[in-house]
Amino acid sequence: GGGGGGGRRGDAEDTMDVPQSMVGRVIGKGGETIQRLQKESGARIDVNTSTGDPCVVRFMGSRDAVSRARFLVAEVLERWSGGGGGAGGGGGMCGGGC
């Protein structure tokens, strides 16, 4: 858990609506994707699936961490909704993950 100071100054909070059909992509298998996103961004990401559709995703942390987290979640959603359509395995570059 290494120290890292800074305390709570400049804490930010933000929310984002995610369609219920996409929320599983953000959380990942057993929560692995959301854990990775939290690690990468440094923000805490909370998914509230009890709000129905869309689900509300909350970001908490420093302003930087929150905006990074938003960006990362948006990226995950884009990859699944827009990018490359579902057809065909694609394989190649991304192998097991990207």
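Rules of the game
Residues numbered from 1 in each chain as written. Predicted model: local features only at pLDDT ≥ 70, side-chain atom pairs only at ≥ 80, totals over all residues. Heavy atoms only, no water. Helix = DSSP H or I, 4+ residues; strand = E, 2+ residues; numbered from the N terminus. Buried < 20%, exposed > 50% of the residue type's maximum accessible area, 1.4 Å probe, protein only. Contact = heavy atoms within 4.5 Å. Areas by Shrake-Rupley, 256 points an atom, 1.4 Å probe, with all protein chains shown as cover. Pairing = 2+ DSSP bridges. Axes fitted to C-alpha atoms, helices over the stretch in contact; angles between N-to-C directions. Polar contact = N/O pair within 3.5 Å; in protein donor to acceptor, adjacent residues only side chain to side chain.

Trainee: Got a minute to help me understand the overall build of the protein in this structure?
Mentor: The helix and strand inventory of the protein stands at three helices and three strands. When the helices and strands of the protein are listed from N to C terminus, the series reads β-α-α-β-β-α. With 98 residues in all, the protein has 26% of them scored as buried. Restricting the contact set of the protein to residue pairs at least 6 apart, pairs at least 24 apart contribute 65%. For the protein, the computed accessible surface area is about 6400 Å², with 50% contributed by carbon and sulfur atoms.

Trainee: Would you take a moment to explain the sheet that holds strand 3 (residues 55-62) for this structure?
Mentor: In a beta sheet, neighbouring strands are held together by backbone hydrogen bonds and run either parallel or antiparallel to one another. Taken together, three strands build an open sheet; the order of strands is 1-3-2 and the sheet is antiparallel. Edge positions in the sheet fall to strand 1 (11-18) and strand 2 (44-48), since each of these pairs with one other strand and no more. Strand-to-strand twist of the sheet, defined as the mean angle between neighbouring strand axes without regard to direction, takes the value 20°. The pairing of strand 2 with strand 3 spans five bridges and is antiparallel. For R44, the partnering residue across the bridge sits in strand 3 and is M60. Across the sheet, helix 1 (residues 20-27) lies against strand 1, strand 2 and strand 3, angled at about 130° from strand 1, the strand it touches most.

Trainee: Just to check I follow, could you spell out the side chain of S41 for this structure?
Mentor: Examined against the element boundaries, S41 turns out to sit in helix 2 (residues 32-41). Here S41 falls in the buried class, since its relative accessible area comes to 1%. A polar contact is formed between the side chain of S41 and the backbone oxygen of L37, at a distance of 2.8 Å. When residues no more than four places from it in sequence are discounted, the contact partners of S41 are A65, R68, A69 and L72.

Read these as geometric descriptors, not functional statements.
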